Amino acid sequence: MRDYRLSKLFFDLQSPPAADAYRADRAQVLDRYALKPEVRAAVERDDVAYLSKLVNPYLLRFYFLMSGMPEDDFLRKIRAAGPPARAEAGHG
């Protein structure tokens, strides 16, 4: 299941001024988003596996590279997380 607020945070951080503010004071930027406590904790501990279940994979990769995680570390962690859960098909 996708987390809208987390996705919004990651999307907003594509703006260079927002990314700079995040890198300068992560807590202050996180305070602007009403993340669930467990989601915020996962962001704060850079939990790739947990967050991978909540956001689009492109936003996830962007976020971790923007926040300073070396790509090799990100790839190792995402591979260790295993395959993504299948999304449930919605029928109107």
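Predicted model only: the values in this text are computed from it and were never measured.

Counting secondary structure elements, the protein contains seven helices and zero strands. Reading the protein from its N end, one meets helices and strands in the order α-α-α-α-α-α-α. Against the compact-globule benchmark of 12 Å for 92 residues, the protein has a radius of gyration of 13 Å, which places it among compact chains. Along the three orthogonal principal directions, the C-alpha set of the protein runs to about 40 × 35 × 25 Å. Here the protein holds 92 residues, and 30% of them are scored as buried. Sequence separation of 24 or more characterises 54% of the internal contacts of the protein that already satisfy a separation of 6 or more. Carbon and sulfur atoms make up 54% of the accessible area of the protein, which amounts to about 6300 Å² in all. On the protein, the mean spot of the 15 positive side-chain charges and the mean spot of the 13 negative ones are 4 Å from each other.

With that settled, the discussion passes to the nonpolar core. Formed by 24 residues in total, the largest nonpolar core has its most connected members in Leu6, Leu9, Phe10, Tyr22, Leu51, Tyr63 and Phe64. Among the elements of the structure, α1 (4–12), α2 (16–24), α3 (26–30), α4 (37–44), α5 (48–52) and α6 (57–66) are those that each provide at least two residues to this core. Here this core gets five residues from one element, more than from any other, and that element is α6. Contacts of Leu6, omitting those with residues within four sequence positions, involve Leu35, Val39, Val43, Leu51, Leu54 and Val55.

Under the defined criterion, the tally for this structure stands at four aromatic pairs. Where Phe10 meets Tyr63, the ring centres are 4.1 Å apart and the plane angle is 5°; that geometry is what we call stacked. One end of the pair, Phe10, is in helix α1; the other, Tyr63, is in helix α6, and 53 residues separate them in sequence. Measuring from centroid to centroid gives 4.9 Å for Tyr63 and Phe64, while their planes differ by 75°, and the two rings are edge-to-face.

Here α4 has its buried residues at Val39, Arg40, Ala42 and Val43. Axial view of α4: buried residues confined to an arc of 160°, hence all on one face. Those residues of α4 that are buried lie in contact with α1, α2, α3, α5 and α6. Asp46 sits one or two positions beyond α4 and adopts a positive phi of about 55°.

Quick notes on the rules
Residues numbered from 1 in each chain as written. Predicted model: local features only at pLDDT ≥ 70, side-chain atom pairs only at ≥ 80, totals over all residues. Heavy atoms only, no water. Helix = DSSP H or I, 4+ residues; strand = E, 2+ residues; numbered from the N terminus. Rg over C-alpha atoms; globule rule 2.2 N^0.38 Å. Buried < 20%, exposed > 50% of the residue type's maximum accessible area, 1.4 Å probe, protein only. Contact = heavy atoms within 4.5 Å. Areas by Shrake-Rupley, 256 points an atom, 1.4 Å probe, with all protein chains shown as cover. Lys, Arg positive; Asp, Glu negative; His and termini not counted. Charge placed at Lys NZ, Arg CZ, Asp CG, Glu CD. Core = buried A, V, L, I, M, F, W, Y, C linked by side-chain atoms within 4.5 Å. Phe/Tyr/Trp six-rings, centres within 6.5 Å; stacked < 30°, edge-to-face > 60°. Arc of directions from axis to C-beta.

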